[in-house]
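The chain contents come next:
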Amino acid sequence: QVQLVESGGGLVQAGGSLKLSCAASGLTFNYYNYAMGWFRQAPGKEREFVAAISGSGGTTYYADSVKGQFTISRDNIKNTVYLQMNSLKPEDTAVYYCAAEFGAIWSNRVPDYWGQGTQVTVSS
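From a predicted model like this one, the values you see are computed outputs, not experimental measurements.

Before going further, it helps to examine the packing of aromatic side chains. Counted according to the given criterion, the structure contains 6 aromatic pairs. Judged by centre distance (4.9 Å) and plane angle (35°), the ring pair of F29 and F102 falls under tilted. With F29 in the loop between β3 (18-25) and β4 (34-41) and F102 in strand β9 (residues 94-102), the pair connects residues that are 73 residues apart, well separated along the chain. Here F29 falls in the partly exposed class, since its relative accessible area comes to 45%.

What follows is the structure, encoded as C-alpha cells:
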C-alpha cells in the first residue's frame, strides 16, 4: 500500500531551521507522476496548505504565510520530498503532513494520499 513517511520534525528555538523529509513508497505509478505537497495543522485550527511541487520539480507553490521562509524540493530518485524551514516562528508550530496527488501539476484538490504527520514545535 502507499506509504508517505515524514521525518525531521522536532523542537527548535525561534529563528532556527528544520528540514522535513517525506519518503514515498507503494505508489502505483512512477514518483514523478505525483505532485507532492506539505500541509500543517496547529492545535485548534484547521489543516492548511503550506507548499507543493510539481512532479518534475520545476514548479513550486507556496502559501503566502511561508513565501520566502520555506522551500520545497524533491528528489525523484529517492522518491522523497523536502521542506526546508528557516527563520521559524512560534506560530509555525504544528503537525506537518506530507501529501501526494496523482498528476504532474498540483491542482489544489484534496490529495490522494497523506502521511501520518510530524510535529514541529518552535519555542519563543
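Further notes follow.
Quick look at the environment of L20 now. Looking at where L20 falls in the secondary structure, it is placed in strand β3. Discounting residues that sit within four places of it in the chain, L20 has contacts with S7, G8, G9, W38, V81, Y82, L83, M85, Y96, T118 and V120.

Formed by 29 residues in total, the largest nonpolar core has its most connected members in M36, W38, V81, L83, M85 and Y96. When residues of this core are traced back to their parent elements, those giving at least two are β3, β4, β5 (48-53), β7 (70-75), β8 (80-85), β9 and β11 (118-123). F39, A52, A99 and W106 belong to the second largest nonpolar core, which has 5 residues in total.

Let us now look at the side chain of R40. Within the secondary structure, R40 sits in strand β4. A relative accessible area of 6% means that R40 is categorised as buried. Here D92 takes part through its side chain, which lies 2.9 Å from a polar atom of the side chain of R40. At 2.9 Å, the side chain of R40 and the side chain of Y96 are in polar contact. Contact partners of R40, with chain neighbours within four places excluded, come to E46, R47, E48, V50, S65, V66, F70, D92, A94, V95 and Y96.

At N79, a residue that is not glycine, the phi angle is positive and equals roughly 55°. The backbone of S87 sits at a positive phi, close to 50°, despite the residue not being glycine. Following the sequence through the fold, S87 ends up in the loop between β8 and β9. By relative accessible area, which is 46% here, S87 ends up partly exposed.

With 5 of 6 residues buried, β8 is to be regarded as a mostly interior element. By the bridge criterion, 6 bridges tie β3 to β8 in an arrangement that is antiparallel. Its bridge partner lying in β8, S21 is registered against Y82. Sheet topology places β7 next to β8; 6 bridges connect them, and they run antiparallel. Looking at the pairing, S73 lines up with Y82 of β8. Counting the residues between successive antiparallel strands, the hairpin from β7 to β8 contains 4 residues, one of them, N79, with a positive phi of roughly 55°.

Rules used throughout
Residues numbered from 1 in each chain as written. Predicted model: local features only at pLDDT ≥ 70, side-chain atom pairs only at ≥ 80, totals over all residues. Heavy atoms only, no water. Phe/Tyr/Trp six-rings, centres within 6.5 Å; stacked < 30°, edge-to-face > 60°. Helix = DSSP H or I, 4+ residues; strand = E, 2+ residues; numbered from the N terminus. Buried < 20%, exposed > 50% of the residue type's maximum accessible area, 1.4 Å probe, protein only. Contact = heavy atoms within 4.5 Å. Core = buried A, V, L, I, M, F, W, Y, C linked by side-chain atoms within 4.5 Å. Polar contact = N/O pair within 3.5 Å; in protein donor to acceptor, adjacent residues only side chain to side chain. Pairing = 2+ DSSP bridges.

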